[in-house]
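Structure at a glance
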Amino acid sequence: MKLGIVGLPNVGKSTLFNSITKAGAAMENFPFCTIDPNIGVVQVPDKRVDTLGEMYHSKKVTHAVIDFVDIAGLVKGASKGEGLGNQFLANIRETDAIVHVVRCFEDDNVIHVDGSVDPVRDIETINIELALADLDTVDKRLSKVSKAARIDKTLQKEESVLREIKGVLEEGKPASAYEPADEDEAALIKTFTLLTAKPVIYAANVSEDDVADEGKGNPHVQKVREYAEKAGAAVYVLSAKMEEEISELETEEERVEFLDAMGLTESGLDKLIKASYSLLGLISFLTCGEDESRAWTIKAGTKAPQAAGKIHTDFERGFIKAEVVPYDVLVKEGSTAACKEKGLVGMEGKDYVVKDGDVILFRFNV
């Protein structure tokens, strides 16, 4: 799964990306410093995995991961190719969701591409360009489908959906505002790869002084929250500069001390990463043992055999049953053996829907 970090130039995208991945993405105080997208694999913070590793003295502890893509800053006219816009939009198209970074801090030393800080204007600049690009995509596909539908009647449904989505976009709404009639229609819309159909999280980038109170005293943040609420999107407040400082600390103890000094229990990035995982409709089931304790990523609603297939295709092919115990129960009892003695381990079959935090041992035939 990939999340694209987008926004205008100089809003803190690459600083944020560096903090997440420590990948050393280029950072300069001028537009279009980032041309090719940087991709970083990010661990999803999950203390459950660490706890299981300690319980079972695991040789290896593996967290779930998400790919973050640092996409260059968009500008007005990107949908028409301004500022290498076509390339940037193509990079966004390949992601599953968008983290839209919005500048909510004042700093005369950091150039703003439009000359002043106005988060709603900045958000709308990006959204308009994404919508214009989607309109172009829909028009091109509609032109082909309409002609083909005269001969192939099975394409009439696709033509109808395209016309409906075009109407939504022309009203100034994102493609996500169109509600598919059923799962087949939803699957069809996914093939359009529309930019405004992707789920969005807004990351309000503030100064360090505004982090402790979640930006409550920052008027720019309030405007972003009001805008996001109308769009049905979430807002997370963070300071990319502070997160970069945290990422440079060498030990967990130093990190905890830093956060405590700032009046925080969790970094903004940790919140954002976990929220992004949830945004994509993902959950984790867990496996544990002496060799490895690990979180495995699956879509919510996945059944046991398909979850087993995430470990190895043989597990899904030869699936017999899943021995399942909730994480909280396992930790409380202290071991799998203790859970079995008390009858707390469920023996689940092919129709079992895996829940977040299930600790599972799969039984299968080779």
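Scope of this entry: the structure provided in the associated data block. All figures in this text were calculated on a predicted structure; none of them were measured in a lab.

**Looking at the layout of surface pockets**
In this structure, the largest pocket encloses a volume near 940 Å³. If you go around the largest pocket, you meet 31 residues; those closest to its centre are Pro45, Glu252, Arg255, Ser267 and Asp270. Per element, the largest residue contribution to the lining of the largest pocket is five residues, and it comes from helix H9 (residues 252-261).

**Side note on the nonpolar core**
In terms of nonpolar packing, the biggest core is built from 47 residues, with Leu16, Ile20, Phe68 and Ile92 touching the most fellow members. Considering each element in turn, this core owes the most residues, five residues, to helix H10 (residues 268-279).

**What to know about the pattern of salt bridges**
Taken as a whole, this structure holds 20 salt bridges when the rule is applied. Its salt-bridge partner being Arg294, residue Glu292 comes within 3.9 Å of it at the nearest N-O pair. The class of Glu292 is partly exposed, set by a relative accessible area of 23%. Judged by relative accessible area, Arg294 falls into the partly exposed class, the value being 27%. A salt bridge links Glu323 to Lys340; the shortest N-O distance between them is 3.3 Å. Here Glu323 is found in strand S10 (residues 319-326), whereas its partner Lys340 is found in helix H14 (residues 336-341), with 17 residues between them in sequence. Classification of Lys340 as partly exposed rests on a relative accessible area of 40%. Connected through shared salt-bridge partners, Asp46, Arg48 and Asp356 make up one network.

**Overview of empty space enclosed by the protein**
Tallied over the entire structure, the rule returns one cavity of 30 Å³ or more. As for the largest cavity, its lining consists of Val211, Glu214, Val237, Met242, Glu243, Leu264, Glu266, Ser267, Gly268 and Lys271. At the level of secondary structure, the elements contributing two or more residues to the lining of the largest cavity comprise helix H8 (240-247) and H10. Class assignment for the residues of the lining of the largest cavity results in four nonpolar, two polar and four charged.

**Remarks on the side chain of Asn218**
Relative to the helices and strands, Asn218 resides in the loop between strand S6 (200-205) and helix H7 (219-231). A distance of 3.0 Å separates the side chain of Asn218 from the side chain of Asp210, its partner in a polar contact.

**Details of the environment of Glu248**
Checked against the element boundaries, Glu248 lands in the loop between H8 and H9. Overall, the relative accessible area of 58% leaves Glu248 in the exposed class. Spatially, the C-alpha atom of Glu248 lies 23 Å from that of Leu3, the residues being 245 residues apart in sequence.

**Brief notes about the packing of aromatic side chains**
In total, this model carries five aromatic pairs according to the counting rule given. The interplanar angle of 15° and the centroid separation of 6.3 Å between the aromatic rings of Phe285 and Trp296 together place this pair among those described as stacked. One end of the pair, Phe285, is in strand S8 (residues 282-287); the other, Trp296, is in strand S9 (residues 292-299), and eleven residues separate them in sequence. As far as burial versus exposure is concerned, Phe285 and Trp296 are alike and both buried. These aromatic residues form a ring-pair network of at least three members: Phe285, Trp296, Phe319 and Phe362. Above the face of the Trp296 ring, Arg294 is positioned so that its terminal group lies 3.8 Å from the ring centre.

Cut-offs and rules
Residues numbered from 1 in each chain as written. Predicted model: local features only at pLDDT ≥ 70, side-chain atom pairs only at ≥ 80, totals over all residues. Heavy atoms only, no water. 1 Å grid on protein atoms, 1.4 Å probe; cavity = no way out; pocket = protein on both sides within 12 Å on 5 of 7 lines; lining within 4 Å. Points joined across faces, edges and corners; volume = space filled by probe spheres on them. Helix = DSSP H or I, 4+ residues; strand = E, 2+ residues; numbered from the N terminus. Core = buried A, V, L, I, M, F, W, Y, C linked by side-chain atoms within 4.5 Å. Buried < 20%, exposed > 50% of the residue type's maximum accessible area, 1.4 Å probe, protein only. Salt bridge = Lys/Arg side-chain N within 4 Å of Asp/Glu carboxyl O. Nonpolar A, V, L, I, M, F, W, Y, C, P; charged D, E, K, R; others polar. Polar contact = N/O pair within 3.5 Å; in protein donor to acceptor, adjacent residues only side chain to side chain. Phe/Tyr/Trp six-rings, centres within 6.5 Å; stacked < 30°, edge-to-face > 60°. Lys NZ or Arg CZ within 6 Å of the ring centre and 35° of its normal.

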